[in-house]
Amino acid sequence: MALIRLYMTMSLDGFVTGPHDNADAPLGINGFRLFNWLDRRNDPGPSGQVYGEALATRAVISGRRTYELADRWQGDHHDGVPIFVLTHDVPDDPPPGSVHYVTDVRACAAQARTAVGDGDVMVHGAGAAQALLRAGELDELELHVVPVLLGQGRRLFDNLPAKHIDLDLIRRLTTPDTEEPTKQVTHLRYRVHTPTTT
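Before going into details, it helps to say that this report is about the structure given with it. None of these values were measured; they are calculated from a predicted model.

Some points on the side chain of Arg5
- Tracing the sequence through the fold places Arg5 in strand β1 (residues 3–11).
- In this structure the side chain of Arg5 is engaged in a polar contact, spanning 3.2 Å, whose partner is the side chain of Asp120.

What to know about unusual backbone geometry
- The backbone of Asn30 sits at a positive phi, close to 65°, despite the residue not being glycine.
- Here Asn30 lies in the loop between β2 (15–17) and α1 (46–55).
- For Asn30, a relative accessible area of 59% corresponds to the exposed category.
- In the Ramachandran plot, Arg72 falls in the positive-phi region, its phi being about 60° despite a non-glycine side chain.
- Summarising the element assignment, Arg72 is placed in the loop between α2 (64–69) and β4 (83–86).

Here's the deal with the sheet that holds strand β9 (residues 167–174)
- What the 8 strands build is an open sheet, ordered β5-β4-β3-β6-β1-β7-β10-β9; its pairing is mixed. Of all strands in the sheet, those with a lone pairing partner are β5 (99–102) and β9, marking the two edges. Ignoring strand direction, the axes of neighbouring strands in this sheet form an average angle of 25°.
- Where β1 meets strand β6 (residues 120–124), 4 bridges bridge the pair, whose relative direction is parallel. Each residue of the ladder has a partner; that of Arg5, found in β6, is Met122.
- Running at roughly 175° to β4, helix α3 (residues 105–116) makes contact with β1, β3 (59–63), β4, β5 and β6 of the sheet.

Digging into the pattern of salt bridges
- A complete count under the given rule lists 18 salt bridges for this structure.
- With a closest N to O distance of 3.9 Å, Asp43 and Arg40 form a salt bridge.
- Looking at Asp43, the relative accessible area reads 33%, which means it is partly exposed.
- A relative accessible area of 29% places Arg40 in the partly exposed class.
- Residue Arg189 is joined to Glu142 by a salt bridge in which the shortest nitrogen-to-oxygen separation is 2.5 Å. Here the residue Arg189 occupies a position in strand β10 (residues 186–192), and Glu142 occupies one in strand β7 (residues 140–146), the gap between them amounting to 47 residues. Across the pair, exposure class does not vary: Arg189 and Glu142 are buried alike.

Definitions and cut-offs
Residues numbered from 1 in each chain as written. Predicted model: local features only at pLDDT ≥ 70, side-chain atom pairs only at ≥ 80, totals over all residues. Heavy atoms only, no water. Helix = DSSP H or I, 4+ residues; strand = E, 2+ residues; numbered from the N terminus. Polar contact = N/O pair within 3.5 Å; in protein donor to acceptor, adjacent residues only side chain to side chain. Buried < 20%, exposed > 50% of the residue type's maximum accessible area, 1.4 Å probe, protein only. Pairing = 2+ DSSP bridges. Axes fitted to C-alpha atoms, helices over the stretch in contact; angles between N-to-C directions. Contact = heavy atoms within 4.5 Å. Salt bridge = Lys/Arg side-chain N within 4 Å of Asp/Glu carboxyl O.

Geometry only, nothing functional implied.
Rendered as structure tokens:
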């Protein structure tokens, strides 16, 4: 069964970018601090494992803002997998590479699940994550929590409705204590609890 899993790096106080993120500074002021752990992405250990799992996903769902700030990944996020961009307004220019624009969140999730068969779908972006959560289409969260307080920026879960969502912690991977402090991270995987209806 296909799993739709959010992969997001965040500060301990919940920010996924620093303040003033824009096309010239896609991660905002001091936002690159969140991604120092990627220096170890090709090494054995927790960060290498998580990075390898991310690149093994067979499709990507992205919010439009994330997609644009990433310069549209030049149409290829990794290995030519299909990229489904959630957007309110479909651009006039044709999508690059393996990109598909989708305006409905449930249709987006359905298309991504169909594309991967029994594989995994990677989700990028706070907007996409929130839309999928609201629609009940996000299965898991893989959060890379960096021990830093950014204080300002864009928060991952700022615009969710006042609705209780339970999460089950299914995995915790932590970089060794001997790791350089600026490269330390805790990778937390949660299953989104879907209440059973009777």
